[in-house]
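Fold and contact review
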Amino acid sequence: MSAILGEQAAPSDRQPQVALFPFLKLIGVRPVSKQSSHIFSEDAVIMALGTLWLLSYFGVRFYLESNPDLARGARIGLAFIPTPIFALFLWRFIQGIRSADELERRIQLEGLAVAFPLGVLLLTTLGLVQRATELKFEDWSYNHVWPMFVIFYIFGQAFARKRYQ
Amino acid sequence: MKNGLKVLRAELNWSQAELADRVGVSRQTINAIETGKYDPSLPLAFALSRLFAKPLESIFFPNGDGV
């Protein structure tokens, strides 16, 4: 708070001002950054957790597809393996957002304001298409929908960030 | 809302990064304020006012439409 009020605080006393936005980094969009060395470590943790979740997701998915004869309970149990990893990722990600400065938080909000309606549009349209015709699991399923949310998030972030550049 | 932040900063020969560091925000935030793309929150506006030792209304002033 002292930094916000303009008092001189030692750099080590300050909270990192910038959250990590790993998906943006994947496409080379530079996040708002003030203390790069501090941010990097926070970014690295969140990036590592995000990567770990992706690896666990695709690992479980591959295993389930390769072993269709597994018992139902075991299959369901395996399906939940990525969940705690994502929860940890989310926890650190929210921490990053909370420590971001006010413009970065605005950008996050505006990015989500774009991404969320696009997600709703996708789901409602898919629901109608599914009523209109039969969709094959291989063509369109939850496996294919969630990456679209990531893309919407990236698009919303880039759109909002460009506005303030 | 317009502002005279860039002039005040130049008078003190501060970079955007230096000013950002003094008020605890990112350089991008200072840049967005200076270019009029972002209106700062009241706490940040007061922090800038305090830093430059000038009243708010001499740093920030409304556009022609009063906003």
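Cut-offs and rules
Just so you know, the residues in each chain are numbered from 1, in the order the chain's sequence is written. For naming, the first written chain is A and the first written ligand is 1, with later ones following in the order written. Local features in this predicted model are restricted to residues of pLDDT 70 or higher, and side-chain atom pairs are both shown and tallied only at a pLDDT of 80 or more, whereas totals for entire chains, interfaces and linings draw on every residue. The helix count covers DSSP runs of H or I at least four residues long, the strand count covers runs of E at least two residues long, and both are numbered beginning at the N terminus. Exposure criterion: with C-beta atoms placed from backbone coordinates, a residue whose C-beta has 20 or more other C-beta atoms within 10 Å is buried, one with 12 or fewer is exposed, and one in between is partly exposed. We call two residues in contact if the C-beta atoms placed from their backbones are at most 7 Å apart. Throughout, radius of gyration means the C-alpha value; the globule benchmark is 2.2 Å times the number of residues raised to the power 0.38. Multiplying 1.5 Å by the helix residue count minus one yields the expected span of that helix. Here, the arc refers to the directions that run from the helix axis to the C-beta atoms. The nonpolar core is taken to be a set of buried Ala, Val, Leu, Ile, Met, Phe, Trp, Tyr and Cys residues joined by way of C-beta atoms within 7 Å. Note on method: axes are straight lines fitted to C-alpha atoms, helices fitted across the in-contact stretch only, with angles between N-to-C directions ranging 0 to 180 degrees. Angles below 35 degrees are treated as roughly parallel, those above 145 as roughly antiparallel, those between 65 and 115 as roughly perpendicular, and all remaining angles as oblique. Side-chain classes follow a simple rule in which Ala, Val, Leu, Ile, Met, Phe, Trp, Tyr, Cys and Pro form the nonpolar group, Asp, Glu, Lys and Arg form the charged group, and the remainder, Gly included, forms the polar group. Every residue carries a pLDDT, the predictor's confidence in it, which falls somewhere between 0 and 100.

Attention shifts here to the overall build of chain A. Assigned secondary structure in chain A consists of 6 helices and 0 strands. Each helix and strand of chain A, ordered N terminal to C terminal, gives the series α-α-α-α-α-α. Counting across all 165 residues of chain A, residues that qualify as buried make up 19%. When contacts within chain A are restricted to residue pairs at least 6 apart in sequence, those whose partners lie at least 24 apart make up 72%.

The number of helices and strands found in chain B is 5 helices and 2 strands. Along chain B, from the amino end to the carboxyl end, the secondary structure elements read β-α-α-α-α-α-β. For chain B, whose C-alpha radius of gyration is 11 Å, the value lies close to the compact-globule estimate of 11 Å for 67 residues. A total of 67 residues make up chain B; the buried ones form 31% of that total. Across chain B, every contact between residues at least 6 apart in sequence was considered, and the portion connecting residues at least 24 apart equals 51%.

For the rest of this paragraph, the subject is helix α6 (residues 142-163) of chain A. Residues and elements named next belong to chain A. Look at α6: 32 Å from first C-alpha to last across 22 residues, which is about the 32 Å you get at 1.5 Å a residue. All of the buried residues in α6 are F152, Y153, G156, Q157 and R161. When α6 is viewed along its axis, its buried side chains cluster within an angular range of 155° and face the same direction. Facing away from the buried surface of α6 by more than 90 degrees, the exposed residues are N143, P147 and K162.

Another aspect to go through is the nonpolar core. In terms of nonpolar packing, the biggest core is built from 15 residues, with V23(B), V25(B) and L48(B) touching the most fellow members. Going through the elements one at a time, α5 (102-132) of chain A together with α2 (16-23), α3 (27-34) and α4 (42-52) of chain B are the ones with two or more residues in this core. Per-element accounting of this core gives the leading share, 4 residues, to α4(B). Sequence-distant contacts of L48(B), defined by excluding residues within four places in its chain, comprise L5(B), V23(B) and I59(B).

So, on to the environment of F152(A). Residue and element names in this part refer to chain A. By secondary structure assignment, the location of F152 is in helix α6. It is 9.4 Å that separates the C-alpha atoms of F152 and P117, two residues lying 35 residues apart in sequence. Once residues lying within four places of it in the same chain are set aside, the contact partners of F152 are A115, L118 and G119.

Our next topic: the packing of α2(B) against α3(B). Residue and element names in this part refer to chain B. Where α2 contacts α3, the two axes come as close as 8 Å, and the packing angle between them is 110°. When the axes of α2 and α3 are compared, the pair comes out roughly perpendicular. Across the interface between the two elements, Q16, A17, L19 and A20 of α2 pack against R27, T29, I30 and N31 of α3. When its residues are assigned to classes, the contact of α2 with α3 shows 4 nonpolar, 3 polar and 1 charged.

With that settled, the discussion passes to the confidence of the model for chain A. The predicted coordinates ought not to be read in detail in places where the model reports low pLDDT. All names here are of chain A. The predicted model of chain A has a mean per-residue pLDDT of 79, with 76% of residues at 70 or higher. Between the elements of chain A, mean pLDDT differs from a low of 48, seen in helix α1 (residues 22-26), to a high of 95, seen in helix α3 (residues 72-79). Per-residue pLDDT stays below 50 along residues 1-20; that stretch engages in 53 contacts with residues further than four places along the chain or on separate chains.

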